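Coordinates in review
Take a look at the letters that make up each chain.
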Amino acid sequence: MSLPKTLAEDVARNLVMVARLIDEDPEQAYAYSRIALRLASRVAAVREAAGFAAYATQKYAEALAEFRAAKRMTGSVELWPVMADCERGLGRPERAMAMAGEPEVQKLDKAGQVEMRLVAAGARRDMGQIDAAIVTLQSSELASNAVHPWTPRLRYAYADALLAAGREDEAREWFAKALEADKDGSTDASDRLAELDGVEFVDVLGHDDESAEAGAGSGTDVEADVEADDADEDGPAKA
């Protein structure tokens, strides 16, 4: 609303494309975000979108700069967890851990606090502290039977940490719990469970192709046999 109407529409179109493409084609989403940023760098929503597009393409330093700018403009702490995860991406897990202890975390809503817990656990694992990562994820949110949008990822992260610690039976239990809560398929918990159970997936399409090729060869042999039979009954086959 702070932009002239025509400019606002141009910026909005680019932001829409960022949102549409960020999962399936992050590089293209990033390109659209750069256009929006060039047109309206003083709009917080643009800086935030640019940050997420950079984050999706693993340009963590750039993403962190954009998130910081958006935070300055809005005064909101909503982006704090993803800012901490950018520090992890930059190879600075100790900074992510420091951010997990800052007052901003207490200002986050429940979803934000769970996200921060996930980032902190990831930072612990980055530093080789697997047991500490497991403890970090243990919380009332993890123990609850209620299902929230963040529940599958929290249970999955816990299962993955347990598996890294060699606690395979417990890991399987929590991958199953993650799958139970994951109605949208946001994790690959089913694949991880299958892997733990020793299930191997066969490339059916490739197998069918091979069968088709084999069948084509067999068909030629059958035709040859038929011609041979005809030759036996009626004399030499005619050209």
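As shown above, the structure is provided for reference.
Because the structure is a prediction, the values reported are computed rather than measured.

Observations concerning the overall build of the protein chain
Of the regular secondary structure elements, the protein chain holds 13 helices and zero strands. Helices and strands in the protein chain line up, N terminus first, as α-α-α-α-α-α-α-α-α-α-α-α-α. Considering only contacts within the protein chain whose residues lie at least 6 apart along the sequence, 49% involve residues at least 24 apart. Total accessible area on the protein chain is roughly 14300 Å²; 49% of this is exposed by carbon and sulfur atoms.

So, the packing of aromatic side chains
Per the stated rule, a full pass over the model turns up four aromatic pairs. Consider the rings of Tyr55 and Tyr60, whose centres lie 5.9 Å apart with planes at 75°: the pair is edge-to-face. Considering the side-chain rings of Tyr158 and Trp174, the 5.1 Å spacing of their centres and the 90° angle between planes classify their relative orientation as edge-to-face. Of the two residues, Tyr158 is situated in helix α10 (residues 151-164) and Trp174 in helix α11 (residues 168-181); the sequence distance between them amounts to 16 residues.

Things to note about unusual backbone geometry
Look at Gln58: it is not a glycine, yet its phi comes out positive at around 65°. Along the chain, the position of Gln58 falls in the loop between α3 (44-56) and α4 (60-74). Judged by its relative accessible area of 60%, Gln58 is exposed.

As for the pattern of salt bridges
A full pass over the atoms with the stated rule returns 15 salt bridges. Two residues, Arg92 and Glu87, come together in a salt bridge whose shortest N-O distance is 2.7 Å. On the accessibility criterion, Arg92 (23% relative accessible area) is partly exposed. Classification of Glu87 as buried rests on a relative accessible area of 3%. Salt-bridge contacts for Lys110 lead to Glu141; the nearest nitrogen and oxygen are separated by 2.8 Å. Of this pair, Lys110 sits in helix α7 (residues 110-126) while Glu141 sits in helix α9 (residues 140-143); the two residues are 31 residues apart in sequence, bridging distant segments of the chain. For Glu141, a relative accessible area of 11% translates into the label buried. Members of the salt-bridge network, linked through shared partners, are Arg68, Glu87 and Arg92.

Notes on α7
Between its first and last C-alpha, α7 extends 24 Å over 17 residues, near the 24 Å set by a 1.5 Å rise per residue. Within α7 the residues assigned to the buried category are Gly112, Val114, Met116, Leu118, Val119, Ala120, Ala121, Gly122 and Ala123. Considering only its buried residues, α7 is in contact with α5 (80-89), α6 (93-100), α8 (130-137), α9 and α10. Where α7 ends, the next residue or the one after it, Gly128, has phi of about 80°, a positive value.

Reading guide: rules and limits
Residues numbered from 1 in each chain as written. Predicted model: local features only at pLDDT ≥ 70, side-chain atom pairs only at ≥ 80, totals over all residues. Heavy atoms only, no water. Helix = DSSP H or I, 4+ residues; strand = E, 2+ residues; numbered from the N terminus. Contact = heavy atoms within 4.5 Å. Areas by Shrake-Rupley, 256 points an atom, 1.4 Å probe, with all protein chains shown as cover. Phe/Tyr/Trp six-rings, centres within 6.5 Å; stacked < 30°, edge-to-face > 60°. Buried < 20%, exposed > 50% of the residue type's maximum accessible area, 1.4 Å probe, protein only. Salt bridge = Lys/Arg side-chain N within 4 Å of Asp/Glu carboxyl O. Expected span 1.5 Å × (residues − 1).

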